[in-house]
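Each chain, letter by letter, is given below.
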Amino acid sequence: MLGGQMPILVLKEGTSREQGKNAQKNNIEAAKAIADAIRTTLGPKGMDKMLVDSIGDIIISNDGATILKEMDVDHPTAKMIVEVAKSQDTAVGDGTTSAVIMAGELLKQAEGLLEQGVHATVIANGYRLAVNEAKKYLEEMALKAKDDKTLKLIAMTALSGKNTGLSSELLSDLVVKAIDAVAEERNGKIVVDTANIKVDKKNGGSVNDTQYISGLLIDKEKVHAKMPSIVKDAKIALVDSALEIKKTEIEAKVQITDPTKIQDFLNQESDTLKLMVEKVHKSGANVIFCQKGIDDIAQHYLAKEGIYAVRRVKKSDMEKLAKATGAKIVTNLDDLSKASLGVAERVEEKRISDDRMTFVTGCANPKAVSILIRGGTDHVVSEIERALNDAIRVVGITKEDGRYLPGGGAVEAELSLKIRNYANSVGGREQLAIEAFSKALEVIPRTLAENAGMDPINTLIQLKAEHEKGQKNNGIDFSINKTGDMNKAGVFDPLRVKKHALESAVEVSSMILRIDDVIASKKSSGGEGPGQMPGGMGGMGGMGGGMPPY
Ligand code: ADP
Ligand code: MG
């Protein structure tokens, strides 16, 4: 009786749907494809990717988060993996490639289990148990220290493979110096706000010319040649409105009938500008940073008063200047007073390659520091900037936590061993998933070895044997292209980075595993009006799309 009944349509026409095993399989494939795409970049011997965007701009990078951000990924599951890299990057600043590779490997291992008939929920549960246990082991294994020597090694590890080459030593020193400068104690705990470190870049020179500035660097020159190039004992005004005569919104016509009045009219404008400068001068300021423009005439009067002036300063720089010098940003010049001024020991214009920049040093708040990156080309300075930001984050984290782990795959090899033993103690079906997690961890040392041109299988076998013998700090030592003690090699990663990478890898892979139905609504083709038929009859939905119903 029911046989002839029409199927009930609950989804809009044009919606695509993938269900059950098929959906699962496709999702896993997409995630694995993303992991595969970036696995060759892992580690100090990892390769770079060249990304060309739709308008032809090029980025050359080794940084997982950057590569994935620039890749125009379309598949919804692949996008979830890209999100992992982003969240790892925002939360801890490093370990993005590792997190993505681990997620891909967890899914690959899960594929085998699914084929054996293990339910996705069981796998997800097993992974959850395993990662919780893994985090406990990481805590136990973590070493304690936050001295500059350790911090420098952590910076070097984060920088390795990022095209910084021989300059890694210098850059690491600068990073540690900057972190030490901004670190502060709050309620007995060390807190590092890396936002206090301003990273600027200017191409030209070599990476070795990269410098540390104990203060702020503003990428602007003084507006008038007659202004002083150095102001000592600077009293700084920050103004976010223009030192110009406002143009009226409506068009106005001034009719001057008497030729002698022309000069009067011009004088009046000049007087207004002079008055503005007077207000700045009266407040006691000898430096002014203006977020908007400064009229030529105003520039002239400022120069006459010996005031160093900079115009069109970025809003973010204005805020940094306020924080660093203690100045208040004012909109109305009448509000300028001694109390609203900030102080710095020195404001100075310096020449950097062909440009002039303003250095504000000896600020009221010594927690404001800058690093100026130099390098041959735009691509070089940009990649150094990304590498430096990674290093700043990991050193900051280690300064706060004082906990770190041996790198080079040592931790993953050791965890793999520990988790395998743990699996036996759990039993049941989850045991299979926990074992799969243990196996997945091996992807890190294996990939590191592979990327360095070592035999991945033999190296892994050797590494596992060493860990079974109790050499728990052994990893891949690139200086000898063999397995070796990472404590001796000085290769360290922060505990927080490792913990977060495992956590997010498990989170995303479990989420992907649990999906058994992908319902994708038809992509809208822009306007809805009947007059706007999309070019061609585009796809299946084309027929029903823009036509009126009758
Ligand atoms: P991620 O985005 O995951 O940080 P990287 O390309 O920075 O990816 O590689 C990080 C991995 O490389 C870590 O496991 C780290 O311990 C390892 N590593 C970095 N430098 C060295 C080194 N000099 N020797 C051995 N392993 C290293
Ligand atoms: Mg890294």
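As the structure is a computational prediction, the values presented were derived from the model and not from experiment. (Residues numbered from 1 in each chain as written. Chains lettered and ligands numbered in written order. Predicted model: local features only at pLDDT ≥ 70, side-chain atom pairs only at ≥ 80, totals over all residues. Heavy atoms only, no water.)

Caption draft 1: Representation of the packing of helix α1 (residues 20-39) against helix α4 (residues 96-115) within the structure. Where α1 contacts α4, the axes come no closer than 8 Å and their chain directions differ by 145 degrees. For the element pair α1 and α4, the recorded crossing hand is left-handed. Residues Gln24, Ile28, Glu29, Ala31, Lys32, Ile34, Ala35, Ile38 and Arg39 of α1 form the contact with α4, whose own contacting residues are Thr97, Val100, Ile101, Gly104, Leu107, Lys108, Glu111 and Leu114. (Axes fitted to C-alpha atoms, helices over the stretch in contact; angles between N-to-C directions. Helix = DSSP H or I, 4+ residues; strand = E, 2+ residues; numbered from the N terminus. Left-handed = near helix turned anticlockwise from the far one by under 90°. Contact = heavy atoms within 4.5 Å.)

Caption draft 2: How the structure looks around the sheet that holds strand β8 (residues 211-213). Sheet architecture is open: 3 strands sit in the order β7-β16-β8, paired in mixed fashion. Two strands close off the open sheet at either side, each with one partner strand: β7 (197-203) and β8. On average, each strand axis in the sheet is inclined to that of its neighbour by 20 degrees, with strand direction left out of account. As judged from the 3 bridges shared by β8 and strand β16 (residues 369-375), these two strands associate in the antiparallel manner. Directly across from Gln211, in β16, lies its bridge partner Leu372. (Pairing = 2+ DSSP bridges.)

Caption draft 3: Main features of unusual backbone geometry. Of note in the backbone geometry, Asp233 takes a positive phi value of approximately 55 degrees without being a glycine. With a phi close to 50 degrees, Asn481 is a non-glycine residue in the positive phi region. When you line up the elements, Asn481 lands in the loop between β18 (474-477) and β19 (482-485).

Caption draft 4: The arrangement of the environment of Ile373 in detail. Position of Ile373 among the secondary structure elements: in strand β16. Sequence separation between Ile373 and Asp209 is 164 residues, and the spatial gap between their C-alpha atoms is 7.6 Å. Contacts of Ile373, omitting those with residues within four sequence positions, involve Val199, Asp200, Lys201, Lys202, Thr210, Val381, Ile384, Glu385 and Leu388.

Caption draft 5: Expanded view of the site of ligand 1. Around ligand 1 sit 21 residues in total, of which Asp94, Ser98, Ser160, Gly408 and Asp493 are the nearest. Contacts to ligand 1 include Thr41, whose backbone N or O atom sits 3.4 Å from an oxygen atom. For ligand 1, the accessible surface in isolation is 570 Å², of which the surrounding protein chains cover 93%. Among the elements that line the shell around ligand 1, the one with the most residues is α4, at 3 residues. Residue classes in the shell around ligand 1 are distributed as 6 nonpolar, 11 polar and 4 charged. (Near = heavy atom within 4 Å. Polar contact = N/O pair within 3.5 Å; in protein donor to acceptor, adjacent residues only side chain to side chain. Areas by Shrake-Rupley, 256 points an atom, 1.4 Å probe, with all protein chains shown as cover. Nonpolar A, V, L, I, M, F, W, Y, C, P; charged D, E, K, R; others polar.)

Caption draft 6: Quick peek at the side chain of Lys32. Mapped onto the elements of the fold, Lys32 is located in helix α1. Residue Lys32 is classed as buried on the basis of its relative accessible area, which comes to 17%. (Buried < 20%, exposed > 50% of the residue type's maximum accessible area, 1.4 Å probe, protein only.)

Caption draft 7: Structural view of helix α10 (residues 315-325). Every buried residue of α10 is accounted for by Asp317, Met318, Leu321, Ala322, Ala324 and Thr325. Positive phi shows up at Gly326, right after α10, with a value of about 80 degrees.

Caption draft 8: Seen up close, the pattern of salt bridges. Tallying each qualifying case throughout the model produces 35 salt bridges. The salt bridge partner of Glu503 is Lys135, with a shortest N-O separation of 2.6 Å. With a gap of 368 residues between them, Glu503 in helix α17 (residues 495-513) and Lys135 in helix α5 (residues 120-141) connect regions that are remote in the sequence. Judged by its relative accessible area of 16%, Glu503 is buried. You can call Lys135 partly exposed: its relative accessible area is 23%. The shortest N-O distance in the salt bridge between Glu400 and Arg496 comes to 2.9 Å. (Salt bridge = Lys/Arg side-chain N within 4 Å of Asp/Glu carboxyl O.)

Honestly, that's just the spatial picture; any functional story needs more than this.
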